[in-house]
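Secondary and tertiary structure notes
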There are 2 protein chains.
Amino acid sequence: MSESARPLAITMGDACGIGPEIIARLLRDGQGAGCVVLGDVDVMRAAARLVGALQAVAVLDSPQDLAAVPPHTLAVLPVPGLPEGLVALPPGRVDARAGAAAARCIEHAVVLVRAGAVAGIVTAPIHKEALAAAGIGYPGHTEMLQALAAAGGTPAPVRMMLANEELRTVLVTIHQSLRSAIDAVTFEAVLETLRIAHAAAARWGQPRPRIAVAGLNPHAGEGGLFGDEEIRIIAPAVAAARAEGIDARGPFAPDTVFMRARHASGHPGEFDLVIAMTHDHGLIPVKYLGVEQGVNVTLGLPFVRTSPDHGTAFDIAGRGLADASSLAAAVRMARTLSAASPAP
Amino acid sequence: MSESARPLAITMGDACGIGPEIIARLLRDGQGAGCVVLGDVDVMRAAARLVGALQAVAVLDSPQDLAAVPPHTLAVLPVPGLPEGLVALPPGRVDARAGAAAARCIEHAVVLVRAGAVAGIVTAPIHKEALAAAGIGYPGHTEMLQALAAAGGTPAPVRMMLANEELRTVLVTIHQSLRSAIDAVTFEAVLETLRIAHAAAARWGQPRPRIAVAGLNPHAGEGGLFGDEEIRIIAPAVAAARAEGIDARGPFAPDTVFMRARHASGHPGEFDLVIAMTHDHGLIPVKYLGVEQGVNVTLGLPFVRTSPDHGTAFDIAGRGLADASSLAAAVRMARTLSAASPAP
C-alpha cells in the first residue's frame, strides 16, 4: 500500500470524556479524511448524533476498507473485546469499563501500526483514574505505548515533543518539580534527547535536522556567571552529539532561541527543532500563540503517535461543546510526520 | 506644562557603542517626535551624518525649547561636564571617557525627570566595562538609577518588566542561576513584586490592574505533586496581596498563563500583567514574536524609565548598520507609560 493511502488510526479515548464527540466533530467538519476510528460503534454513533451531524457511520472490517468509504463518513473499526454497554455510561465520570475500553483501543492501534496497516496513531484523551479502576497500571498513554512497543523487552527511552506549525520543541525533563528537573538535566539525558530527536526527524523525512539546544540558565549561564550546567553538562552533550553526526548547536540563551527557531511567514526559522531543558521553557513558546494549536508527539517509539494537548474534560463531556481543533492539529501533525515514515 | 507636551529624555549611552547612531536613525525616521537627546553635540552630529540623514541638529538650552524645533530635527540638550574629545573616540572599544560621559547623561536625565522637565527617560545602551573604567561602581542602568532616585537614602526595590504591545511580564528573579533563582522565590520577593507592579500600573493609568501570577513548577505544581513552592510561597503571597487590595490571581500554570494574558487582535488578554518567577519564563513569551519588540522597563523608580532590550553592540558600532526598532519601541512604551503619570 502506498504511504499516502495508509490511514491514520484515531483511538476513541475514554468513552465518558470528550474523545468520541471531538472525533465525530472532526469527521463532520471534513478534517478527518483518511482516518479510521478504533472504538465502539454505538459510542461513536451516539457521538455523531450529539454533535448534530447527519453523517453516516461506516463499520469497517479492516483499515483498508476506508478507501471505499464516502467523504464525511465516520469510519469505525470496532475493537474486539470491548466491554458491553459503554454507550449507556454517564458522561463525565470515572468508570472502569471506559478505562478498560480505552486501553483495548490503544493495544489494538499498536497491533495495526506495527503490522503496517495504519501509518500512525492519534490518541483521544484517556483518564488516569479510569485506567487505574480497570486495573491497568500505566499512568498514561506514553508509558503504555512504550511498554506495548517493547513487547515484553526493555522499553526504549522516549521524549515528549510539543509542536505546532511554527515550532517543535523536545523536552529533556517534563512532569517534575523545577528543582528536581535541574538535577535531572544530566549529560546522558541531554545526549539521549538529542539522539531521539535526531532519529525521529529522520523517520519523518529530515535526515539531518538542525537542532538548537536551549540552555538551562538565564543567558545560557553567561559564561558561568549565572550557573554552570551549560559548561559542565549541556555543552559537552552537544559536542558528543556532534561527534555522532548530529547537527546539534548551542547551548543558546533560552529567551531568544525559540524566537530564532520560529518558522513563520517572512521569518524562516534558523533551526528545525529546539531541545528544552524544562517543561515550561519548551511549552511556553509553543502555546503562546494559542493552546489549541499545540500537539503532543511521542518521540522514540517505533511508530508515529500524536495527541491533542488536553485531557478528557469531564466537566463538559457529553454536551457537544468540546472543541476539536487540537485533535485536528494532532491529525495534521500525524499526517506530516508519517508521510515520510517507511512502512515497517 | 501639560503631560502631552512634556518631552521624553533619551540618554546618549556609550559614545563608542550604537547608542548615538540608533538615536539619529530614530529621529531621521520620524519616530522620535517629542524627544530630547541628552548627550554630546559633536557626537550626535557625527551620528546624524553616519546614518545618512540630512537632518539638522538643534542645540537646546532646556527641554522646553523642543516645542520650537521643527520636525525631523535632532534636538540635543548638551549635558554639562562631559569629557572633551568624545567624538574622536574609536567606535567599538571600551573607553573610560565614554563611560564617564554615559553616566553624566544619566545623572542629568534624573535631575530633569525629578524636576518635572521631562516626562520620562529612555536610555540608550551603556557598557559595564566602560563604566568601571571611569570608576563608576554600578554594574548597569538599573542600579545607578535606583541610587540616583534614592538620593543618598536607601534605594527602593525595583523590578524589571519586559513588555511589548501584547504582553507585559514582571520578573521576581533575573540574572542568577536557575537553581539560585528557585531559592530567591520567597514570600517577600513575590509580594514585593506584586506591590511594585500594582503601584507602577497606577502611575501609568491602570489603578487596579489584573495581575496574573505564574507558578514556578510545571502545571503550577499540580497540587504539590511537582513541587510545593506554589503552596508554600506563591499562593500565600497572592493571598497577602489580595488582602492589600491588589487584584492578584494565581498561581497559574506557566505554560498557558502568558498565552491567556496576550492582547492581540481578536484575542483580548485576560490579564494586564503577568508576574514570572524566573527570567526565562517571563522573557521567552515576550521575545517569541520578535526580539526587536521587547522593551525593558524598570518598575519601582519614582519616574518612567524604559530601554531597548539590547546592548552597545561594539561589533557593529560606528558603521551605521544598527537597527533602531527596539529603541523606537522603548520610546513608544515610555510615552504610553508616562502619558498618565502625574508630574512630580
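Residues numbered from 1 in each chain as written. Chains lettered and ligands numbered in written order. Predicted model: local features only at pLDDT ≥ 70, side-chain atom pairs only at ≥ 80, totals over all residues. Heavy atoms only, no water.

As for the confidence of the model for chain A
For any part of a model where pLDDT is low, the fine detail of the predicted coordinates should not be relied upon. Averaged over every residue, the pLDDT of chain A is 92; the share at 70 or more is 96%. As scored by the predictor, the complex reaches a pTM of 0.90 and an ipTM of 0.89. (pLDDT = per-residue confidence, 0-100.)

Considerations on the sheet that holds strand E6 (residues 159-163) of chain A
Residues and elements named next belong to chain A. Across the sheet, 12 strands lie side by side as E3-E4-E2-E1-E5-E12-E11-E6-E7-E10-E8-E9; this open sheet has mixed pairing. Each edge of the sheet is formed by a strand with only one pairing partner; in this case those strands are strand E3 (57-59) and strand E9 (248-252). In this sheet, adjacent strand axes meet at a mean angle of 30° when their direction is disregarded. Inspection of the sheet shows E6 paired to strand E7 (residues 168-171) by three bridges, in the antiparallel sense. (Pairing = 2+ DSSP bridges. Helix = DSSP H or I, 4+ residues; strand = E, 2+ residues; numbered from the N terminus. Axes fitted to C-alpha atoms, helices over the stretch in contact; angles between N-to-C directions.)

Overview of the environment of Asp14 of chain B
Residues and elements named next belong to chain B. With respect to the secondary-structure elements, Asp14 resides in the loop between strand E1 (8-11) and helix H1 (19-28). What makes Asp14 buried here is its relative accessible area of 1%. Along the sequence, Asp14 and Ala102 sit 88 residues apart, while their C-alpha atoms lie 5.3 Å from each other. Each residue touching Asp14, except ones within four places of it in the same chain, is listed here: Gly19, Pro20, Ala98, Gly99, Ala102, Pro125, Ile126, His127, Ala130, Thr312 and Phe314. At a separation of 2.8 Å, a polar atom in the side chain of Asp14 contacts the main-chain amide nitrogen of Cys16. (Buried < 20%, exposed > 50% of the residue type's maximum accessible area, 1.4 Å probe, protein only. Contact = heavy atoms within 4.5 Å. Polar contact = N/O pair within 3.5 Å; in protein donor to acceptor, adjacent residues only side chain to side chain.)

Looking at the relation of the copies chain B and chain A
Of the two same-sequence chains, chain B is brought onto chain A (RMSD 0.0 Å, axial shift 0.0 Å) by a rotation of 180°. Overall, the copies show the geometry of a two-fold rotation axis. Proximity to the rotation axis, assessed at the C-alpha, singles out Pro285 of chain B in chain B; its C-alpha lies 2.9 Å from the axis. Both copies present the same face, since 100% of the interface residues in chain B are matched by interface residues at the equivalent positions in chain A. (Least-squares fit on C-alpha atoms with pLDDT ≥ 70 in both.)

Quick notes on the interface of chain B and chain A
Counting residues at the interface gives 34 residues for chain B and 34 residues for chain A. Buried surface at the junction of chain B and chain A, summed over both partners, amounts to about 3300 Å²; 65% is from carbon and sulfur atoms. Linking Asp183 of chain B and Arg179 of chain A is a salt bridge whose minimum nitrogen-to-oxygen distance equals 3.1 Å. Run the count over chain B and chain A and you get 12 residue pairs in polar contact (both at pLDDT 80 or more). Counting only elements with at least two residues in the side of chain B that touches chain A, the list comes to helix H6 (178-184), helix H9 (254-261) and helix H10 (279-288) of chain B. A class-by-class count of the residues in the side of chain B that touches chain A yields 16 nonpolar, 10 polar and eight charged. (Buried area = accessible area lost by both parts, 1.4 Å probe. Salt bridge = Lys/Arg side-chain N within 4 Å of Asp/Glu carboxyl O. Nonpolar A, V, L, I, M, F, W, Y, C, P; charged D, E, K, R; others polar.)

Here we look at the domain arrangement of chain A
Residues and elements named next belong to chain A. With domains assigned, chain A is organised as domain 1 (1-156 + 301-344) and domain 2 (165-289). For domain 1 versus domain 2, the separation of C-alpha centres amounts to 31 Å. Facing the 10 residues of domain 1 at the interface are six residues of domain 2. The junction of domain 1 with domain 2 conceals about 670 Å² of combined surface from both sides, 46% of it contributed by carbon and sulfur atoms. At the surface where domain 1 touches domain 2, the tally comes to two salt bridges. Our count for the contact surface shared by domain 1 and domain 2 stands at three residue pairs in polar contact (both at pLDDT 80 or more). Looking at the side of domain 1 that touches domain 2, its residues break down into six nonpolar, two polar and two charged. (Domains from an automatic or database assignment.)

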